[in-house]
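Remarks on the overall topology
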Amino acid sequence: MFNKKRGYIDLSNAKKNQAALDSEGNFSCPSCSAWISEAQKIQNNDFCPRCSYHFAVSAWERIHAICDENSFEEWDANVSSVNPLEFPGYEEKLAKAQEETGLIEGIVTGRGSIGGFDVVIGAMDSRFMMGSMGSVVGEKICHAMEKAIQYSLPCIIFCCSGGARMQEGMFSLIQMAKTSAAVGRLHEAGLLYISILTHPTTGGVTASFASLADIIIAETGALIGFTGPRVIQQTTGQILPPGFQRSEYLIKHGMVDLVQPRVEVRSLLIRLLNVHQGGNHG
Amino acid sequence: MAKNKFEFEAPYLLLESKLDELRKLSVQLNTDFSAEIANIEKRLDQMREERYQHLTPWEQVLLARDVDRPTTKDYIKLLCSDFIELHGDRLYGDDPAIIGGIGIIDGRAVTVVGHQKGRDTKENINNNFGMPRPEGYRKAHRLLLEAEKFGRPVLTFINTPGADPGMGAEERGQAWAISEMLLCLSSLRVPVVSVVTGEGGSGGALALSVADRIIMLSNTVFSVASPETCASILLRDSKRADEMAASLKINAKSLYDMGIVDEVIEEPPRQYLLESTAFVQTLENSIKRHLDELCSLDVSELVELRYRRFRKIGKFNE
C-alpha cells in the first residue's frame, strides 16, 4: 500500500457543488485511491472519473437504469430465506443484510421493458451477503426463467456474486444445478438469454447460469472467475498478472462476447433485442 | 505409528498390535492361543463396527478423504466386466483427474466417468489430487454426448476436493467448463446414476452429480465448500473445521434426510471396503436396480423427472 500513488481529481468542475461535497464527505476510489465526493460519483454515473472503476450499484438502481420508466413489475417480492441447516448466526446475518439494503433477498426479478422490448429481468445485489446464491436466489432465477418461457420473452440477468451461500450448505450448492437446468429449458424454448457479468461475479454463480447465456456481456473492469484471486494466491502461491480475471482479460481469452462500460449497457441491450427480434425486414 | 491416521482407531490398532505380540508369544512358548485370539479378534471387529456407527461429522470427513479409499478405477474394475478408457477433450489435453470410458455392467453397455485421485504422492501429483481442470470437465462433457448418441446410460463416481483452483484453470474457463457440465447433465437423454465414493467437494463435484439418482457411501461427504474454507471465511479460523463439518450437515445421512441424495450404502470399516463381499454386493445391486428402473422410463419422462428432482431442492418462505 505504500508504493501506491494517490491520485487527485481536478475539482474545478465540482466547485459549484462544494456544499454537497462538504456535507456528504469524500472517499477514495478502491481501485486508484483518487479522492471523490458522493456528488461527483453520482454526476459521473457511479464510476471513478480517474480510472473508470465502476462502483457497486444496488439491484434497484440497476433495474431503474436499464428498464423503461415505470415499466418494471416485480415478481416473488416476498420470497425470503429460512435457516434450513439451523446454521449458527445465519438469521442474524440475514436480518442485518435486510436492514442495510432494504431488500428481502439478494436478487430482484420481474418483468419490464427495455427500449420498448418486453423482457424478463433479474438483478443481483452484491451488498446482500456478497450477492451469494442460496435457495431464494436460485428459486427466483428459476421461476423468472420459467415465466420467460410461459410468456415467450427474452431473459436478462445482471450477475454479481461471491458464490454459493455457505450457510445453506448443500441446498445452496444445488442451486447451481437447478438454475443451469432452467437455462437449459430457456435454450430448448428458443428464447434469448443475455447475462451481464458485473463486479464481482465469482464462484458458483459464474459456474452456473451466469456463463450459460447466449450472449455474455462483461461490465468494464469487473472481476469474473471461478476461484477468487486471493484463494488462488493462497493455495497455489502463483503471482497473478495485473488485470487477471478482469473483463478485458476474459474477452482476450474468449470467455465473454462483449466488454461494455455500464452507461452503454442499456443501448447495447436495445440493439441486441432488436436484432434478435429479426429487424424490420418486410 | 504411520498407520494411525485416525485418532478414533487408536485403541483398535493398539489391540491389534497386542494380538500380534500374543501370536509371537504363542510360537515362542509353543502354546496354542488360537481360540483366545480368534475370540478377541471377533470382539475387536464388533467394537470397531460399533464405533463406526457413532462417527462424528469430522471423523467422516477424514474417512472420506482417506488416501487408501478405493478410487474410481477400483470401482470400475469391480463393477465393469469390460472397460475401455477413452482420453482427451479434443480441445486442449487429457486431464488425469477425471477418467472416463465405456464398459459393460450387468450385460448393459454404459459410459463411466469419475474423478480419479491417486493412491500415493506420485500418483496424486500426476492426478492433481483429483482436482479437475477445465479439460477434465470437457472430456467428461464429450463422453456424455457420446453416451447420449448411442443411448448408453451413464454412471459417475464422485471423489474430489474440488475443481482445480489454479491460474491456468481460470485462464481456460473453469467456470464455463463446469456450467456446461451442469447444463449437459440436466437435460441428457439417457439415465444418469452417481455414486459419491469419497469427497464431494463443491462445484467441482457437482459437475458430475446432476443425476437421476445419487448414491452416497455412508462415510462420504458432499459439501458446498470444504469445512476448512467455511471455517476460515465464516469463523476466520480454519482450525475450527470440525465445528463447521457438523454445522454444514455434509455427511451422507444428513443429506439423505434433506432429500438431496437418494440412497446411503453402509460401509464396513475402512480396512475392509473392497474385501467385504456384503458391501460390494449391495453397491452392485443398488446400481443395477437404479439402472433397471431408469432404463424402463420413457426418455422425455426421464428428463422431466430429473428436472423436477433438482427443481424442488431449496428451502424458503413464500
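Since the structure is predicted, the reported quantities are computational estimates derived from the model, not experimental observations.

Okay, the packing of aromatic side chains next. Applying the stated criterion to the full structure yields 7 aromatic pairs over all chains. Ring plane angle 70° and centroid distance 5.1 Å describe the contact between F244(A) and Y249(A), whose orientation is recorded as edge-to-face. Exposure remark for F244(A): the relative accessible area of 5% places this residue in the buried category. With a relative accessible area of 13%, Y249(A) lands in the buried category. Geometrically, the ring pair formed by F8(B) and Y52(B) is edge-to-face, given 5.8 Å between the ring centres and 75° between the ring planes. Of this pair, F8(B) sits in the segment before α1 (10-28) while Y52(B) sits in helix α2 (residues 34-52), placing them 44 residues apart in sequence. The residues F8(B) and Y52(B) share a single accessibility class, namely buried. Members of the aromatic cluster, each reached through a chain of ring pairs, are F6(B), F8(B) and Y52(B). The ring of Y307(B) has R185(A) sitting right over it, with the charged end atom 3.7 Å from the ring centre. Looking at R309(B), its charged tip hangs above the ring of F310(B), at a distance of 4.9 Å from the centre.

Quick look at the domain arrangement of chain A now. Residues and elements named next belong to chain A. Split by domain assignment, chain A resolves into domain 1 (1-55) and domain 2 (56-276). Placing a centre on the C-alpha atoms of domain 1 and another on those of domain 2 gives a separation of 27 Å. Taken together, the contact between domain 1 and domain 2 spans 6 residues of the former and 9 residues of the latter. Summing both sides of the interface, domain 1 and domain 2 together bury roughly 630 Å²; the carbon and sulfur share of this comes to 55%. By the criterion of area lost to domain 2, the three top residues of domain 1 are D46, H54 and F55, representing 67% of everything that side buries. Connecting domain 1 to domain 2 are 0 salt bridges. Inspection of the domain 1/domain 2 interface yields 3 residue pairs in polar contact (both at pLDDT 80 or more).

Thresholds applied
Residues take numbers from 1 onward in each chain, read along the sequence in its written order. Chains and ligands are labelled sequentially in the order written, the chains with letters from A and the ligands with numbers from 1. A pLDDT threshold of at least 70 governs which residues receive local features in this predicted model, and a stricter bar of 80 or more applies before side-chain atom pairs are shown or counted, although totals over entire chains, interfaces and linings include all residues. Neither water nor hydrogens contribute to the side-chain values; these are computed over all heavy atoms in the structure. Aromatic pairs are defined between Phe, Tyr and Trp rings, using the six-membered ring for Trp, whenever the two ring centres lie within 6.5 Å; interplanar angles under 30 degrees are classed as stacked, those over 60 as edge-to-face, and all others as tilted. Only protein chains enter the accessibility calculation, which uses a 1.4 Å probe; a residue is then buried when its area is under 20% of its type maximum, exposed when over 50%, and partly exposed in between. Secondary structure elements follow DSSP: runs of H or I of four or more residues count as helices, runs of E of two or more count as strands, with numbering from the N terminus. Ring-over charges, as used throughout, are those where CZ of Arg or NZ of Lys falls within 6 Å of the ring centre and within 35 degrees of the ring normal. Domain borders in the structure are assigned automatically or taken from a domain database. Any two residues whose heavy atoms approach within 4.5 Å are treated as being in contact. Buried area: the accessible area, evaluated with a 1.4 Å probe, that two parts lose upon being put together, summed over both parts. When a carboxyl oxygen of Asp or Glu lies within 4 Å of a side-chain nitrogen of Lys or Arg, that pair is called a salt bridge. Distance and chemistry together define a polar contact, namely a pair of N or O atoms within 3.5 Å, with one atom able to donate a hydrogen and the other to accept it when in protein, and with adjacent residues in sequence counting only for side-chain atoms on both sides.

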